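Breakdown of the fold
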Amino acid sequence: MSNIAIIGAGLIGRAWAIVFARGGHRVALWDSQPGQAEAALEFAATVLPDLAAQGLLRGQPADQVLARLRVEPHVEAALADAHYVQESTPEVLDSKRAVYAELDRLAPGGAILASSTSALLPSRFTDHLAGRERCLVAHPINPPYLVPAVELVPAPWTSPQAMEQARRLLADAGQVPIMMRREIDGFVMNRLQGALLQEAFRLVADGYAGVEDVDIGLREGLALRWSFMGPFETIDLNAPGGVRDYAERYEGMYAGLFEQMQRRVPWGGELMDRIEAERREHLPADELAARQLWRDRRLMALAAHKQAVGGDPAP
C-alpha cells in the first residue's frame, strides 16, 4: 500500500482518487478551492456503489474503498508522506510551473510527481526544478476508473527509474500504461483522436455526410473493433498475410486519401451552427447531463464485460 497525494480534486483529480483507492492505496485529496476536495469525496461516495454493483472494485465493498480517501486542508499535510503525487490543476503554464516548484519543495525526495495535463509538455513546467528527474506526465482518458489507458510521458530529463516506478504503480492499480519514449504535443491519444475529429469535421463541412451518419460509422462500425483492438492489430488481422500484406494491398488507396486530408476545417462559424443544430435534434441541451450519466453507465458495463472475458482471451 502506497500513500497517494491528489493535488487538484476537480473532475480529473476526483476520478484519479477512485482509481488509487480501488487499487488499495491511501489517498489524500487537496485542492486550493475551498470545498472542492470535500465535493470529490462526496462524488466518490456516490459512484463507488455503482462500481461495486458492476464488479469493478476488485471484490471490495464500496465503503472499504471510500475509507481510504481523506481530505487534507493543507497541501503540506497531503504531501508529507506521499510516495506518488497526481497533480490535476488547471492547464495554465505559469501556474503549473509554480505548482511544481511547490510540489518539488514539499514532497518527499523519492515521490514521483505526475501531471494529468493533456496539453502541456512536461519539459515546459519542470525544467527549473532541482528534482526534475522524478517528474512526468500521467495523462488519462476521463474517467480513468472506467477507461484504463494512461499515457506516461517523460521530459528529456525524466529518469527511466521514475517512469518504471510510475508504470508499476499504475498497472498495479488497474491502469494500462502507454509508455511514450519522448514527448510530443498531444501525446498519443489526442493525436489519434485529433486526426479522426479533423476528418469528421471535413466530411460534414464538405457535405459528404451528416453528423449522425459520421457517428454511426464509428459507433456501429470501427469502434466495435477498436473497443478491443488497436489500429495495427486491426490491419494485421484484415489481410491474409498480416500487416505487411495489408500495407501492400491498401497503401495506394490511403495515399490517395491522404492528399485529400491536408485541409484543416475551422471548428466554428456556420459549420459549428450546423453541427450543433444536428446534435441538438438528437439530444436537447437539457438532456446532456442525463446522457453523460448514461455514457458512464455504459462504460461501466463495457469495463465489466472486458474484465469478465479477460484482456486477451484465447481464440
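Keep in mind the model is a prediction, meaning the values are calculated, not measured. (Residues numbered from 1 in each chain as written. Predicted model: local features only at pLDDT ≥ 70, side-chain atom pairs only at ≥ 80, totals over all residues. Heavy atoms only, no water.)

Some remarks on the overall build of the chain
For the chain, the helix and strand inventory stands at 13 helices and eight strands. For 315 residues, the compact-globule formula gives about 20 Å, and the C-alpha radius of gyration of the chain, at 21 Å, lands near that figure. Taking the principal axes of the C-alpha coordinates as reference, the chain spans close to 55 × 50 × 40 Å. Taken over 315 residues, the chain has a buried fraction of 39%. (Helix = DSSP H or I, 4+ residues; strand = E, 2+ residues; numbered from the N terminus. Rg over C-alpha atoms; globule rule 2.2 N^0.38 Å. Buried < 20%, exposed > 50% of the residue type's maximum accessible area, 1.4 Å probe, protein only.)

Some details on the UniProt feature "domain: 3-hydroxyacyl-CoA dehydrogenase C-terminal" (unreviewed entry) in the chain
Under the present numbering, the feature "domain: 3-hydroxyacyl-CoA dehydrogenase C-terminal" (unreviewed entry) in UniProt falls on residues 186-259. In residues 186-259, helix accounts for 76% and strand for 0%; the two terminal C-alpha atoms are 23 Å from one another. (UniProt positions renumbered as here; feature names shortened; annotations may be inferred.)

As for the packing of helix α8 (residues 189-205) against helix α9 (residues 211-226)
Packing of α8 against α9 leaves a shortest axis separation of 10 Å and a crossing angle of 145°. The handedness of the crossing between α8 and α9 comes out as right-handed. Across from Leu196, Ala200, Leu203 and Val204 in α8, the residues of α9 making contact are Val211, Val214, Leu218 and Trp226. A per-class count over the contact of α8 with α9 returns eight nonpolar, no polar and no charged. (Axes fitted to C-alpha atoms, helices over the stretch in contact; angles between N-to-C directions. Left-handed = near helix turned anticlockwise from the far one by under 90°. Contact = heavy atoms within 4.5 Å. Nonpolar A, V, L, I, M, F, W, Y, C, P; charged D, E, K, R; others polar.)

Looking at the nonpolar core
Core analysis: the largest hydrophobic core is formed by 42 residues, its most contacted members being Phe20, Val27, Leu29, Leu51, Tyr84 and Leu136. With seven residues, helix α1 (residues 11-22) is the largest single contributor of residues to this core. In contact with Leu29, not counting residues within four places along its chain, are Ile6, Ala9, Ala17, Ala37, Ala40, Leu41, Leu69, Arg70, Val71 and Glu72. Residues Ala5, Tyr100, Ala107 and Phe125 belong to the second largest nonpolar core, which totals 23 residues. (Core = buried A, V, L, I, M, F, W, Y, C linked by side-chain atoms within 4.5 Å.)

Considerations on the sheet that holds strand β4 (residues 84-87)
As a general point, the strands of a sheet are linked pairwise by backbone hydrogen bonds and lie either parallel or antiparallel. The mixed open sheet is built from eight strands, whose spatial order is β3-β2-β1-β4-β5-β6-β7-β8. What marks the edges here is a single partner per strand, and that holds for β3 (69-71) and β8 (176-179). For this sheet, the mean inter-axis angle between neighbouring strands, taken without regard to orientation, is 25°. Bridging between strand β2 (residues 26-30) and β3 involves three bridges; their strand directions are parallel. Note on β3: the bridge partner recorded for Ala28 is Arg70. (Pairing = 2+ DSSP bridges.)

Digging into α9
What sets the pattern is the α-helix's 3.6 residues per turn: residues three or four places apart point alike. The sharpest bend along α9 reaches about 30° and sits at Leu218. Of the residues making up α9, those classed as buried are Val211, Glu212 and Val214. (Bend = angle between axes of the 7 residues up to and from the residue.)

Topic: unusual backbone geometry
Residue Asn142 is joined to Pro143 through a cis peptide bond whose omega torsion reads -5°. For Pro143, the position within the fold is in the loop between β6 (135-140) and β7 (149-154). The residue Arg58 is not glycine, and still its phi comes out positive at about 60°. Its place among the elements puts Arg58 in the loop between α2 (36-53) and α3 (62-66). Positive phi values are uncommon outside glycine, yet Phe187 reaches one of about 55°. Owing to a relative accessible area of 2%, Phe187 belongs among the buried residues under this scheme.

Concerning the packing of aromatic side chains
For the coordinates displayed, the defined rule picks out six aromatic pairs. Geometrically, the ring pair formed by Phe20 and Tyr84 is tilted, given 5.4 Å between the ring centres and 55° between the ring planes. Residue Phe20 is found in helix α1, and its partner Tyr84 is found in strand β4; the two are separated by 64 residues along the sequence. Exposure remark for Phe20: the relative accessible area of 0% places this residue in the buried category. For the pair Tyr246 and Tyr250, a centre-to-centre distance of 4.7 Å together with 55° between the ring planes defines the contact as tilted. Separated by four residues within a single helix, Tyr246 and Tyr250 lie in helix α11 (residues 243-260), roughly one turn from each other. When its relative accessible area of 12% is taken as the criterion, Tyr246 is described as buried. Here a set of aromatic residues connected by ring pairs shows up, and it is made of Trp16, Phe20 and Tyr84. Stacked on the ring of Phe43, the Lys or Arg Arg14 has its end atom at 3.7 Å from the ring centre. Looking at Arg291, its charged tip hangs above the ring of Trp294, at a distance of 3.5 Å from the centre. (Phe/Tyr/Trp six-rings, centres within 6.5 Å; stacked < 30°, edge-to-face > 60°. Lys NZ or Arg CZ within 6 Å of the ring centre and 35° of its normal.)

As for the pairing of strand β1 (residues 3-7)
Of all five residues that make up β1, five are buried, and the element is covered over most of its length. In this sheet, β2 lies alongside β1 in parallel orientation, the contact comprising five bridges. Bridge pairing in β2 links Ala5 to Ala28. Pairing between β1 and β4: four bridges, direction parallel. Residue pairing across strands places Ile7 opposite Glu87, the latter belonging to β4.

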